[in-house]
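Examination of the molecular architecture
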Amino acid sequence: DESSNFLYHAPTFIIVSNLKDNGNSMPDSALAIGNMMLAAHAIGLGSCWIYAVKVLFSTEEGAAFQKELGLSETDQIVGSIAVGYPDGAAPQPKPRKESFFRIV
């Protein structure tokens, strides 16, 4: 179906990879993805973290595409981001609970 698109019809798709043997690959990559999403928002772009690519790249077709991208077998796809101009206004955040805080 043309109307459903897991990339939300975004014009830009960023794939984030890291070394398989890097014990910090997930937190390092998550921080990079989060920072890219914040930077996109700062310039008026919308973004969405797409974690499903990790599963998609675990298939034979995904491994072939990974080679096509120039990534080696020592690299792993950690996540991705769809980036583009939002289609409509951003949803308003829920109101904060007043006087609710916790000091630890």
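No experiment lies behind these values; they were computed from the predicted model shown.

Cut-offs and rules
Residues numbered from 1 in each chain as written. Predicted model: local features only at pLDDT ≥ 70, side-chain atom pairs only at ≥ 80, totals over all residues. Heavy atoms only, no water. Patch = residues over 30% accessible without salt bridge, like charges linked within 9 Å, V, L, I, M, F, W, Y side chains within 5 Å. Areas by Shrake-Rupley, 256 points an atom, 1.4 Å probe, with all protein chains shown as cover. Salt bridge = Lys/Arg side-chain N within 4 Å of Asp/Glu carboxyl O. Helix = DSSP H or I, 4+ residues; strand = E, 2+ residues; numbered from the N terminus. pLDDT = per-residue confidence, 0-100. Phe/Tyr/Trp six-rings, centres within 6.5 Å; stacked < 30°, edge-to-face > 60°. Buried < 20%, exposed > 50% of the residue type's maximum accessible area, 1.4 Å probe, protein only. Pairing = 2+ DSSP bridges. Axes fitted to C-alpha atoms, helices over the stretch in contact; angles between N-to-C directions. Contact = heavy atoms within 4.5 Å. Expected span 1.5 Å × (residues − 1). Arc of directions from axis to C-beta.

Moving on, we come to a nonpolar patch on the surface. A surface patch of nonpolar side chains, amounting to about 270 Å² of accessible area, comprises F6, F13 and L56. Secondary-structure assignment places L56 in helix 2 (residues 53-56).

What follows concerns the environment of F65. Within the secondary structure layout, F65 lies in helix 3 (residues 60-68). Here the alpha-carbon distance between F65 and L31, two residues 34 residues apart in the chain, equals 25 Å.

Chain-level statistics for the chain give a pLDDT mean of 88 and a share of 96% at 70 or above. Per-residue pLDDT, averaged within each element of the chain, yields its smallest value for helix 2 (79) and its largest for helix 1 (residues 25-42) (95).

This part is about the packing of aromatic side chains. Applying the stated criterion across every chain, the model contains 1 aromatic pair. Centre to centre, the rings of F57 and F65 are 5.9 Å apart; their planes meet at 25°, and the pair counts as stacked. For F57, a relative accessible area of 12% puts it in the buried group. For F65, a relative accessible area of 37% corresponds to the partly exposed category.

This next bit is on the sheet that holds strand 2 (residues 46-50). Taken together, 3 strands build an open sheet; the order of strands is 1-3-2 and the sheet is antiparallel. Looking at strand neighbours, the two that pair on one side only are strand 1 (12-19) and strand 2, the edges of this open sheet. When strand polarity is set aside, the average angle formed by the axes of neighbouring strands in this sheet is 25°. Two elements, strand 1 and strand 3 (residues 75-84), share 8 bridges in a ladder whose sense is antiparallel. Counterpart to V16 in the pairing with strand 3 is G79. Along the sheet, helix 1 makes contact with strand 1, strand 2 and strand 3, crossing strand 3 at roughly 10°.

Time to look at unusual backbone geometry. We note that H9 has phi near 60°; this positive angle belongs to a residue other than glycine. On the secondary structure map, H9 appears in the segment before strand 1. Residue class for H9 comes out partly exposed when judged on its relative accessible area of 48%.

This part covers helix 1. An α-helix turns once per 3.6 residues; consequently, residues spaced three or four apart project the same way. Between the first and last C-alpha of helix 1 there are 26 Å, a value that for 18 residues agrees with the 26 Å anticipated at 1.5 Å per step. Along helix 1, the positions that sit buried rather than exposed are S25, S29, I33 and A40. One side of helix 1 carries all its buried residues, which in axial view fall inside an arc of 55°. Opposite the packed face of helix 1, turned more than 90 degrees from it, sit the exposed residues L31, L38, H41 and A42. One or two residues past the end of helix 1 sits G44, with phi positive at roughly 85°.

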